[in-house]
Amino acid sequence: MNIPHPIAAERKEPSASPARANARIRVQGLAKRYGALEVFRNVNVDVGDREIVAIVGPSGCGKTTLLRCIDGLIAPSSGKVEISGVEVTAPLPGVAMVFQQFGLFPWKTVFNNVAYGLRLAGASKAEIRERVPRFIKLVGLAGFEDAYPYQLSGGMQQRCGLARALAIEPSVLLMDEPFAAVDAQTREILQFELLRIWEVRPTSMVFVTHSIEEAVLMGHRVVVLKGRPAGVFEIIEVDLPHPRTRETLMHPHFAQLREHVWTTLMDEARAAELQLQR
Amino acid sequence: MSAQDASLSPPRSGLRAWLSPEATARIAAGIAIVAIWELAVRLWAPAFVARPSRIVAVFPAVVTDPGLWLAAGQTLGAVVQGLAFAVVLGTTIGLAIGRVPAVERFLQLYVSGLFAMPMVAILPLLTLFFGYTGDARLATVVFAAVFAIIINVSDGARAVPPEYIEVSRSFRGSGWSRLFDVVLPSSVPYLIAGLKLAAGRALIGAVVAEFYAAIPGLGYYILYNTRTFKHSEAFVAVAMLAIVGVLFELLLSRGTRWLLPWYRRDEARD
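Residues numbered from 1 in each chain as written. Chains lettered and ligands numbered in written order. Predicted model: local features only at pLDDT ≥ 70, side-chain atom pairs only at ≥ 80, totals over all residues. Heavy atoms only, no water.

Draft legend 1. Molecular detail of the pairing of strand β9 (residues 221–226) of chain A. Residue and element names in this part refer to chain A. Burial analysis of β9 places six of its six residues in the buried class, the great majority of the element. Looking at chain direction, strand β3 (residues 52–56) and β9 are connected through four bridges and run parallel. Along β9, the bridge assignment pairs V56 with V224. Pairing geometry for β9 and strand β10 (residues 231–237), over six bridges, is antiparallel. Note on β10: the bridge partner recorded for K226 is G231. Once β9 ends, the chain turns through four residues before running back antiparallel as β10, passing G227 with a positive phi of about 100°. (Buried < 20%, exposed > 50% of the residue type's maximum accessible area, 1.4 Å probe, protein only. Helix = DSSP H or I, 4+ residues; strand = E, 2+ residues; numbered from the N terminus. Pairing = 2+ DSSP bridges.)

Draft legend 2. Seen up close, helix α4 (residues 52–63) of chain B. All names here are of chain B. In this model α4 runs 16 Å from its N-terminal to its C-terminal C-alpha over 12 residues, within 8% of the 16 Å that 1.5 Å per residue would give. Looking only at α4, the buried set comprises P52, I55, V58 and V62. Buried residues of α4 fall within an arc of 125° about the axis and therefore sit on the same side. Exposed and oriented more than 90 degrees from the buried face of α4 are V56, A57 and A61. Taken together, the buried residues of α4 touch α3 (21–44), α5 (66–99), α11 (218–227) and α12 (231–259). (Expected span 1.5 Å × (residues − 1). Arc of directions from axis to C-beta. Contact = heavy atoms within 4.5 Å.)

Draft legend 3. Up close: the pattern of salt bridges. All names here are of chain A. The final tally for this structure, using the stated rule, is 23 salt bridges over all chains. E169 is the salt-bridge partner of R131, the closest N and O atoms lying 3.9 Å from each other. Taken as a pair, R131 in helix α3 (residues 125–138) and E169 in the loop between α4 (154–167) and β7 (172–176) lie far apart in primary sequence, 38 residues in all. Residue classification places R131 among the buried positions, given a relative accessible area of 14%. Note that R201 and E169 form a salt bridge whose closest N and O atoms lie 3.3 Å from each other. Note that R201 is positioned in the loop between α5 (184–200) and β8 (204–209) and E169 in the loop between α4 and β7, a separation of 32 residues in sequence. A relative accessible area of 27% places R201 in the partly exposed class. A residue is classified by how much of its surface remains accessible, and E169, at 40% relative accessible area, is partly exposed. Three or more residues are tied together by salt bridges with common partners; here these are E127, R131, E169 and R201. (Salt bridge = Lys/Arg side-chain N within 4 Å of Asp/Glu carboxyl O.)

Draft legend 4. Quick look at the nonpolar core. By size, the foremost hydrophobic cluster in this structure holds 146 residues, and its most contacted members are I25 and I83 of chain A. In terms of residue count, the dominant contributor to this core is helix α8 (residues 134–158) of chain B (13 residues). One finds L123, V208, A209 and I215 of chain B within the second-largest nonpolar core, a separate group that totals five residues. (Core = buried A, V, L, I, M, F, W, Y, C linked by side-chain atoms within 4.5 Å.)

Draft legend 5. Spotlight on the interface of chain B and chain A. Taken residue by residue, the interface counts 20 residues in chain B and 28 residues in chain A. With both chains or domains summed, chain B and chain A bury close to 2300 Å², and 61% of this area falls on carbon and sulfur atoms. Where chain B packs against chain A, one counts eight residue pairs in polar contact (both at pLDDT 80 or more). Elements represented by at least two residues in the side of chain B that touches chain A include exactly α9 (162–170) and α10 (175–213) of chain B. Among the elements that make up the side of chain B that touches chain A, the one with the highest residue count is α9 of chain B (seven residues). (Buried area = accessible area lost by both parts, 1.4 Å probe. Polar contact = N/O pair within 3.5 Å; in protein donor to acceptor, adjacent residues only side chain to side chain.)

Printed below as a string of structure tokens:
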């Protein structure tokens, strides 16, 4: 679906243009069933090398399940996921996930939490000493290396989770509602922080969220999941200028896109409500 | 409001704690118990029955008796050795029960059953295997302690948040790394809770074994002095066991704070 761009003349060239031509992630005919319950069916999405694809949908539509299938944490019932041409059957190297509840180990300090993925990847001690502080600094946690997670606020914990994912220098980042568990202000700060980091080291990113605003802000494309079982209802091209900053939120086209996604999703919510009333 | 203020203020320490009304009441209750004891023994019991004034009188002689310290060393040595063995064995079995459904199906019933069974009941059997020796005492201590640890560690291993397992899998951790780097540290607080329970049971186990099999140690020291009508001497050893129990509890809670700086600090948030 194409939405006419009101101020096309103002549109700047993307600073890091999504290289969609070579798909890093290929999701083909993916379906997941739990017994009689079909979560989603026939999902087809490609994600480019340096592209952020946001997945948005009502709660319980299987967004997170879809992301776990892409990571290889759970097996799809049919269809397949390919990352860099390799079929995913278990988590692959170079793919990192950021978890909704942060997933930090409470018995490890910030340093050791960030080093976790590197250690498992077999990095040498010298490498860890060099890389970990660099990524702690990148996410703005310098000075908190020896803190335990309980000593950090939710936002800081997710910065740590982000550093842990970035430290393995992944080519694919999977974000599972990463900012859903932090307060609204922190959430906004972290969104722009993540966009800034992505500008510095662009990756292929799948960003699952239930916030329409966040999906439009982060995504180069927004995939709308809906229905029962869920399927890809629409893929919306977000032709907003790069880099995305706070000004993006003021862009008239941003409001238009947000309204469009909202209407798409709310149709279903209303229909579901009507069905319940009947 | 005032109740809230009290709970927010830091705990009083030193002299002020001793002078607080609750502490005064506690001390008064202690003095009353000792007084009633002294009075009751003087009025109704034979002369050899332990009473506070006699205990104080024999105390210097008993604590300078090398026999008491030798006995204490023998009992505590067995308790520490048995606990160490129980921790290793109990953690291994507990992790297996907590993480491997098949092991849980096979062992859960027996672990619960043996935990509930009084250790005195198995003592005659253990003396059959190990003779009337220190080995029988060690076996009793292990038997008394290990099931508390198995049960707690298996609970801990079951309670590992699934998210931690997912993180480990997502970062391509091997099964062994998941066990040692995720499941085990996550279960350590449960292990320590189990160890607290096991320590008390181990001490009882050691003393009971000494009673039953006449193995040299504090239990036998108490038995021997009681049978030779030295009740006050025996009571010093009883008090020593109580103090050991309290010290062990203290050591464990201090040790927890030192070993697990990340644990039980929820109150520090916000």
